[in-house]
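Coordinate inspection notes
Residues per chain are reported as follows:
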Amino acid sequence: LTFPRKVSREVRLRARPRGLPQPQDFEVVAAPVPEPGDAELLVQNRFVRVSASMRMMISEGAEAVDGVPFPALRPGDALREAGVGEVISAPPDCAFSPGDLVVHHRGFCEIVAVPVDECELVDPRLPDPAMNLAHGWTAYAALTRAGRVREGDVVFVSSAGGAIGSMAAMIARKLGARRVIGSTSSADKARRLRTELRYDDAVAREAGSIADQLRRAAPDGIDVVIDSVGGEQLAAAIHVARERARIVVLGALSGQLAPTGTGRSAPVTLDSFPILLKRLEIHGYSADDDPAARSEFHRLFADAIAEGAMSFPHERLRGLESAPSALCDVAAGRYLGTVMIEV
């Protein structure tokens, strides 16, 4: 199959940001359509996910940090994130054919060459290919593996309006949780957590002490914490946790989205007495450690969508030219759910 286009567009890092990223830190440029190698697919992207965690990849000193599961980017590099695209050409005798829809991590461009071993077919059980970019599987893995949600548990999810948290209440409820509480930035978002995302209650940073709000929302304590924030919210959850509660740390947005610094430090003061006296379990967790959870979640997700028991909260923006402002708006917490660009 010969692809007629000669030029593609891609989003590149123009300059490493100082503090939170600004639109001028990125640029959308024209580039030649790549020539795929012997073990590469040529893919035309349809959707690209926008993630706040990209700040860790683009800030000064990112290449010196061990353990960050993203490649560090330098000025002039094309941005990378998960994408869904259509295969234009494929090597002979590989598992993919032209016309297949695949998921990969070379997004933020119109056309890209991707190593075959970095691609997987979209899950046909999901009614919309864009659903393959949902971060619900991360919430599912955290709730079932490290969090081990049980029938009747009370669950607290920080950053409940983000890509992971926006699906966590629906998943926790499917797993048997009795009550699910979320945290967010504002009273308006807290209202949307209750009315749109099926949270029983919500706490807001602008409404005062998180610990006091949590005690009111969970007077009998919390059994499972899914924390993507750190800071005051993690400290509060430890105080409100019940004996032998499971606390799962997925991220550190209090540092990643801090207005200054590199986004790779999130200091927090924790009281070790309740950790000791209540025998709390605290896990640093990555869903990538349990890849089987993705297929499990897609099966649950597809069935729940058909039943009307779950939805896919997301925002779709059109065109790569929207990427610079979208990256900044996601970092500023201006959206609810997964954010993606329809290329």
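Residues numbered from 1 in each chain as written. Predicted model: local features only at pLDDT ≥ 70, side-chain atom pairs only at ≥ 80, totals over all residues. Heavy atoms only, no water.

**Regarding the packing of helix H5 (residues 210-217) against helix H6 (residues 231-240)**
Following both chains from N to C, one finds H5 and H6 inclined at 40 degrees, their axes separated by 9 Å at the closest point. Between H5 and H6, the angle is such that the two are oblique. As H5 runs across H6, the sense of the crossing is right-handed. On H6, the residues that touch Ile210, Ala211, Leu214 and Arg215 of H5 are Glu232, Gln233, Ala236, Ala237, His239 and Val240. Here the residues of the contact of H5 with H6 are counted per class, giving six nonpolar, two polar and two charged. (Axes fitted to C-alpha atoms, helices over the stretch in contact; angles between N-to-C directions. Helix = DSSP H or I, 4+ residues; strand = E, 2+ residues; numbered from the N terminus. Parallel < 35°, antiparallel > 145°, perpendicular 65-115°, else oblique. Left-handed = near helix turned anticlockwise from the far one by under 90°. Contact = heavy atoms within 4.5 Å. Nonpolar A, V, L, I, M, F, W, Y, C, P; charged D, E, K, R; others polar.)

**Concerning the packing of aromatic side chains**
In the structure shown here, the tally under the stated rule is two aromatic pairs. Ring centres of tyrosine 140 and phenylalanine 297 lie 6.1 Å apart, and the angle between their planes is 40 degrees; this geometry places the pair in the tilted category. Of this pair, tyrosine 140 sits in helix H2 (residues 136-146) while phenylalanine 297 sits in helix H9 (residues 292-307), placing them 157 residues apart in sequence. With relative accessibility at 1%, the residue phenylalanine 297 sits in the buried group. (Phe/Tyr/Trp six-rings, centres within 6.5 Å; stacked < 30°, edge-to-face > 60°. Buried < 20%, exposed > 50% of the residue type's maximum accessible area, 1.4 Å probe, protein only.)

**A few points about the pairing of strand E3 (residues 40-50)**
Remember that side chains alternate between the two faces of the sheet whenever the strand is regular. In terms of residue burial, E3 counts as a mostly covered element, since eight of its 11 residues are buried. Relative to strand E6 (residues 111-115), E3 runs antiparallel, the two being bridged by five bridges. Opposite valine 43, over in E6, you have valine 112 as the bridge partner. Across six bridges, E3 lies against strand E4 (residues 83-89) in antiparallel orientation. Bridging across to E4, asparagine 45 finds its partner in glycine 85. The sheet contact formed by E3 and strand E15 (residues 338-342) spans four bridges and is antiparallel. (Pairing = 2+ DSSP bridges.)

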